[in-house]
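Single-letter residue listing:
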Amino acid sequence: MADNRRIAEEVLAAVGGASNVTSATHCMTRLRLTLKDQSAPDDAHVKRIDGVIGAQWSGAQYQVIIGQNVPKVYDEIIGFGVVGGDTIDENLDPSLSKEGLTPKGVFNGALDYLSGSMVPMIPVLMCAGLFQTIAVVIGPSMLGLVSDESDLYVYFNTVYTAGFYFMPIYLGYNAARKLGVTPALGAFMGGILIAPTFVAIAGSEDPSFSVLGIPTTMGTYSQTVIPILLSVWVMSYVERFFKRIMPDMLTTVFTPFCTMFVMVPVTLCALAPLGSWLGNGFAAFFTTLGDMGGILAIIGGGLVAALWLPLVVTGMHVAVIMIAITNFMTTGVDYYILVATTISLWSAYGCEFATWLRLKDKKEKSNAFGYFITNTIGGVGEPFIYGIMFRYRRVWPSALIGAFVAGATAIALHVGVFVVGGASNVLNFLAFVGGGTQNIINAAIAASAGFVTSAVLTYLFGFTADELEYGPESEREAA
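Note that the structure is predicted; figures quoted are calculated from it, not measured.

Trainee: I keep staring at the overall build of the chain and nothing clicks. Help me out?
Mentor: Assigned secondary structure in the chain consists of 23 helices and six strands. Taken against the 2.2 N^0.38 rule, which gives 23 Å for 479 residues, the C-alpha radius of gyration of the chain at 25 Å falls within 12% of a compact globule. Each principal axis of the C-alpha atoms in the chain carries an extent, and together these give about 80 × 55 × 50 Å. Classification of the 479 residues of the chain by burial places 48% in the buried group. A separation of at least 24 residues holds for 70% of the contacts in the chain among residues at least 6 apart in sequence. Approximately 22200 Å² of the chain is accessible, and the part contributed by carbon and sulfur atoms is 65%. The distance from the centre of the 24 positive side-chain charges to the centre of the 34 negative ones in the chain is 8 Å.

Trainee: Would you mind going over the packing of aromatic side chains with me for this structure?
Mentor: Geometry of an aromatic ring pair is reported as the spacing of the ring centres plus the angle between the planes. Under the defined criterion, the tally for this structure stands at 21 aromatic pairs. When the centroid spacing of 5.6 Å and the interplanar angle of 45° are considered together, the rings of Phe-131 and Phe-156 count as tilted. Here Phe-156 lies in helix H7 (residues 151–165) and Phe-131 lies in helix H6 (residues 122–138), a separation of 25 residues in the sequence. Between the aromatic rings of Phe-390 and Trp-396, the centroid separation amounts to 5.6 Å while the plane-to-plane angle is 70°, which identifies the pairing as edge-to-face. Trp-396 matches Phe-390 in its accessibility class, with the two residues each being buried. Three or more aromatic residues joined by ring pairs form one cluster here, namely Phe-353, Trp-356, Phe-369, Phe-372 and Phe-451.

Trainee: How should the nonpolar core be read in this particular structure?
Mentor: Across soluble globular proteins, you tend to see nonpolar side chains buried next to one another. The biggest cluster of nonpolar side chains holds 61 residues, and the ones touching the most others in it are Leu-171, Leu-229, Tyr-386, Phe-390 and Val-395. Looking at this core element by element, the count peaks at seven residues for helix H12 (residues 248–271). Counting residues in hydrophobic clusters, the runner-up holds 33 residues, among them Val-304, Tyr-349, Val-415 and Ala-443.

Trainee: Sorry if this is basic, but what is going on with helix H3 (residues 70–79) here?
Mentor: Think of an α-helix as turning once every 3.6 residues; residues three or four places apart then point the same way. Where H3 is concerned, the buried positions are Val-70, Val-73, Tyr-74 and Ile-77. Burial along H3 is one-sided: seen end-on, the buried residues are contained in an arc of 105°. Relative to its buried face, H3 has exposed residues pointing more than 90 degrees away, namely Asp-75 and Gly-79. Check the buried side of H3 and you find it contacts helix H1 (4–14), strand S1 (21–26) and strand S2 (30–35). Looking one or two residues past H3, Gly-81 carries a phi angle of roughly 95°, positive in sign.

Trainee: Honestly, unusual backbone geometry in this entry has me stumped. Any pointers?
Mentor: For residues other than glycine, phi is negative in most cases, and the peptide bonds are mostly trans. The phi dihedral of Leu-212 falls on the positive side, at around 55°, and the residue is not glycine. Mapping Leu-212 onto the fold places it in the loop between strand S5 (208–211) and strand S6 (214–217). Looking at Leu-212, the relative accessible area reads 60%, which means it is exposed. Even without being a glycine, His-414 presents a positive backbone phi close to 60°. Tracing the backbone through its elements, the reader meets His-414 in the loop between helix H20 (395–412) and helix H21 (437–461). Overall, the relative accessible area of 52% leaves His-414 in the exposed class.

Trainee: Explain the side chain of Asn-425 here, please?
Mentor: Here Asn-425 shows up in the loop between H20 and H21. A distance of 2.6 Å separates a polar side-chain atom of Asn-425 from the backbone oxygen of Ile-377. Residues contacting Asn-425, with those up to four places away along its chain left out, are Val-136, Tyr-349, Asn-375, Thr-376, Ile-377, Gly-378 and Gly-379.

Trainee: Honestly, the confidence of the model for the chain in this entry has me stumped. Any pointers?
Mentor: Atomic detail in the predicted coordinates should be set aside for any region of low pLDDT. On average, the chain scores 85 in pLDDT, and the residues at 70 or more come to 91%. Ranking the elements of the chain by mean pLDDT puts helix H4 (residues 94–97) last with 40 and H21 first with 96. The low-confidence segment residues 87–99 (pLDDT under 50) makes 33 contacts with residues lying over four places distant or belonging to another chain.

Trainee: Honestly, the sheet that holds S2 in this entry has me stumped. Any pointers?
Mentor: The strands making up a sheet associate through hydrogen bonds between their backbones, and the pairing can be parallel or antiparallel. The strand order across the open sheet built from four strands is S1-S2-S4-S3, with neighbouring strands paired in antiparallel fashion. Looking along the sheet, the strands with just one partner apiece sit at the ends: S1 and strand S3 (54–58). Strand-to-strand twist across the sheet, computed as the mean angle between neighbouring axes with direction ignored, equals 25°. The pairing of S3 with strand S4 (residues 61–65) spans five bridges and is classified as antiparallel. Residue pairing across strands places Gln-56 opposite Gln-63, the latter belonging to S4. Across the sheet, H3 lies against S1 and S2, angled at about 155° from S1, the strand it touches most.

What counts, and where the lines are drawn
Residues numbered from 1 in each chain as written. Predicted model: local features only at pLDDT ≥ 70, side-chain atom pairs only at ≥ 80, totals over all residues. Heavy atoms only, no water. Helix = DSSP H or I, 4+ residues; strand = E, 2+ residues; numbered from the N terminus. Rg over C-alpha atoms; globule rule 2.2 N^0.38 Å. Buried < 20%, exposed > 50% of the residue type's maximum accessible area, 1.4 Å probe, protein only. Contact = heavy atoms within 4.5 Å. Areas by Shrake-Rupley, 256 points an atom, 1.4 Å probe, with all protein chains shown as cover. Lys, Arg positive; Asp, Glu negative; His and termini not counted. Charge placed at Lys NZ, Arg CZ, Asp CG, Glu CD. Phe/Tyr/Trp six-rings, centres within 6.5 Å; stacked < 30°, edge-to-face > 60°. Core = buried A, V, L, I, M, F, W, Y, C linked by side-chain atoms within 4.5 Å. Arc of directions from axis to C-beta. Polar contact = N/O pair within 3.5 Å; in protein donor to acceptor, adjacent residues only side chain to side chain. pLDDT = per-residue confidence, 0-100. Pairing = 2+ DSSP bridges. Axes fitted to C-alpha atoms, helices over the stretch in contact; angles between N-to-C directions.

Shown next as structure tokens:
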């Protein structure tokens, strides 16, 4: 448990004492100090204080990043005679949230939105993933302690499913809070995306549907990320517009109604299907490269493997995998897309393993090990994606390069997949068994190449020195 009085005392000493602090306030994670002598703080000293995550200047304000216990540290600081101010909303700090419409600003803004929406999901993803891990270990694919029809096995898998199937609802709520939208409307939109009636239409022979006379093709959006995040982002402008023009006496009822009346057609007819449209384009591109053979097919296999993780995150993978399964059903074997996507998982394992070895913070290190076990045993990679990759941005290139190496190597060695719909954990290797000993050896070579490449790159280049010492930069500077 944090010694809040000690933290407050050491922070004050590092910034020139209580007499050097004109006033203090705090937001959700940071102490915000106005100092008489701005040359007094020693950043390196402040950052070394046990319980401090980081420190930075924002205009004329010195901000010490504490974390969730900042209100208690603030109370201790006030106890030392510092003049206090009101608590402020982090999301309203313009100096940290505005970078302008530059490519870097847009990119950082998008990542901040993604991480701000996804990071609160980590406890749910991790918990659900561990339930799945237990089910896999005790189930018929490993120890065989219970059958896949036993109540215990069904129970663990149902809890796992609840964590991931309803992801659009959870994400809708978090994204709405991040952007200042009414949180319940964000969750409501997530519920609409996975409403049973729409899911049934999407799974029927004719998934066409008309939304207020606008034709669309219904899709399955459970476990997806991008459709709801895009919807809530657009909703932030729509709701703001109606709040501005709606008379006060009508706003409680009609602002939500008008917002959803506009957003539901926009989401179902344009924003949600966007991933499917882009996925069809990627599928056509990858298939063309594979049909060309030679070095182009090898490069294409590497690209499929490297882009597989982003495609899954965005929901664009469905079109790609459906083409591969259709081909497999015709021939009984696949030497391209299924190979690349299966072998790419080993790059993720290497990235996770190296992250666990490299991180220094005990909590982050423990979480990383949990993510590694959850993925390799339980076959659930989302906790690592959102718990590490969206928080430590340098990890992405390491994982993608490792996946490219794995995919390209597998295609070059003519590895084949002979089982579809197998495990998504380390047992995915069973997909290669039907091709004989040489096929398994070649698959092992490709998997090892991806694992080692990703692990080495992650260990050497995946984290900055400050991130290893103080945590993710995005959280130290988050608004």
